[in-house]
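Now for the letters of each chain:
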Amino acid sequence: MRARPAPAAVTVPADWPATEAEARSVQDTLRARVDLTGPGPEVATGTATGVDVAYDDVRGLVAAAAVVLDAATLEVVEEATAVGPVSFPYVPGLLAFRELPAVLAALAALTAPPGLVVCDGYGVAHPRRFGLASHLGVLTGLPAVGVAKNPFTFTYEPPGERRGDQTPLTDGSEEVGRALRTRTAVKPVYVSAGHGVPLDRAVAHTLHLAPAYRLPETTRHADALCRAALKAAVTGEADQG
C-alpha cells in the first residue's frame, strides 16, 4: 500500500477576502483573465491532476488533496495533501474562496508537473462565470476544467443514454458547459471549461479520464485522499486533546 503523504500546512494570504463584497470584487477582476480557447494539452498526454477538498465545519478544518495521474495509463504518479483552517464562510457562488488556499498548498507540495487540473466543481458554469476551475487556472496558469456532480442553476436537455452522449448546459442562450454521459444509462456529469482549455477538449479529457465510472479517475482518487487526510487530522487532534 502506498504511504500517505504528510499534509502540507495551509497559509491563508493576509489579503485574502474576508467579506462577500471583497470576494465578488476579486472575481470581477480576475474573470477577465480567463482563457477559453486554450488549446490545452492533448488528451491522454502528460499528466492530469485531480483536486478535491473535505471539510470538518465543527472544527473549522479543510483538507485538500492533489493526485497526479499519468494521463495515458491513469496510474497514480504522486499524491499531496494540505490541512488547515477554513478561509472563508460558506456562500453559494464563492466556494473557491473556502477551498483555494488548501488546494494551492497541496499543489505546491507536488514534485511532479500537474499538467491538466481537474476540479470537482465548476469553471465558467458558474453564476459569475468564475468557478473554482477558472479561479485556480488563472491564479496558477495551469490548464483546468471543472467536472461537477450536479448542474448548479443551469438548464439542459437530458443527453442520450449512451456513453459520450452530451447536451449543452445553458444559461438563457449562452452555453456554459455540457451534460455528459460518462457511463451508459448512468446520470451525467457536468463539464465546463475552466482556464486554458476549450469546452470540446474539456469534454474529451473527461471521457478519457472516466473509462469505468461516472466520475473521472482524477476526482475519485482526490476525493478518497482528502477524506483520509481530514480523518487523520481530526483523529490526531482528538488524540492530542
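These numbers were taken from a predicted model, which means no experiment stands behind them.

K.L.:
Quick question: what am I supposed to make of the sheet that holds strand 3 (residues 61-70) here?
P.N.:
Sheet strands line up and pair through hydrogen bonds in the backbone, either parallel or antiparallel. Read across the open sheet, the nine strands follow the order 1-4-3-2-5-6-9-8-7; overall the sheet is mixed. Lying at the two open borders of the sheet, with one neighbouring strand each, are strand 1 (8-9) and strand 7 (166-171). Inspection of the sheet shows strand 1 paired to strand 4 (residues 76-85) by two bridges, in the parallel sense. The partner of Ala 9 across the bridge, within strand 4, is Val 83.

K.L.:
Looking at this structure, I do not really get the UniProt feature "site: Interaction with target DNA" (unreviewed entry) in the protein chain. What am I missing?
P.N.:
In the numbering used here, UniProt assigns the "site: Interaction with target DNA" (unreviewed entry) feature to Tyr 90. By secondary structure assignment, the location of Tyr 90 is in the loop between strand 4 and helix 2 (96-108). Of the residues examined, Tyr 90 reaches a relative accessible area of 56% and is grouped as exposed. Contact partners of Tyr 90, with chain neighbours within four places excluded, come to Leu 95 and Arg 98.

K.L.:
What is the right way to read helix 2 from this model?
P.N.:
For the α-helix, the turn length of 3.6 residues means that residues three or four positions removed from each other point alike. The terminal C-alpha atoms of helix 2 lie 17 Å apart, and with 13 residues this matches the ideal 18 Å at 1.5 Å per residue to within 8%. By the criterion of burial, helix 2 is predominantly enclosed, with eleven of the 13 residues buried. Taken as a whole, helix 2 has its buried residues at Ala 96, Phe 97, Arg 98, Glu 99, Leu 100, Pro 101, Ala 102, Val 103, Ala 105, Ala 106 and Leu 107. Of the surrounding secondary structure, the elements contacted by the buried residues of helix 2 are strand 1, helix 1 (20-31), strand 2 (47-56), strand 3, strand 4 and helix 3 (132-140).

Quick notes on the rules
- Residues numbered from 1 in each chain as written.
- Predicted model: local features only at pLDDT ≥ 70, side-chain atom pairs only at ≥ 80, totals over all residues.
- Heavy atoms only, no water.
- Pairing = 2+ DSSP bridges.
- Helix = DSSP H or I, 4+ residues; strand = E, 2+ residues; numbered from the N terminus.
- UniProt positions renumbered as here; feature names shortened; annotations may be inferred.
- Buried < 20%, exposed > 50% of the residue type's maximum accessible area, 1.4 Å probe, protein only.
- Contact = heavy atoms within 4.5 Å.
- Expected span 1.5 Å × (residues − 1).

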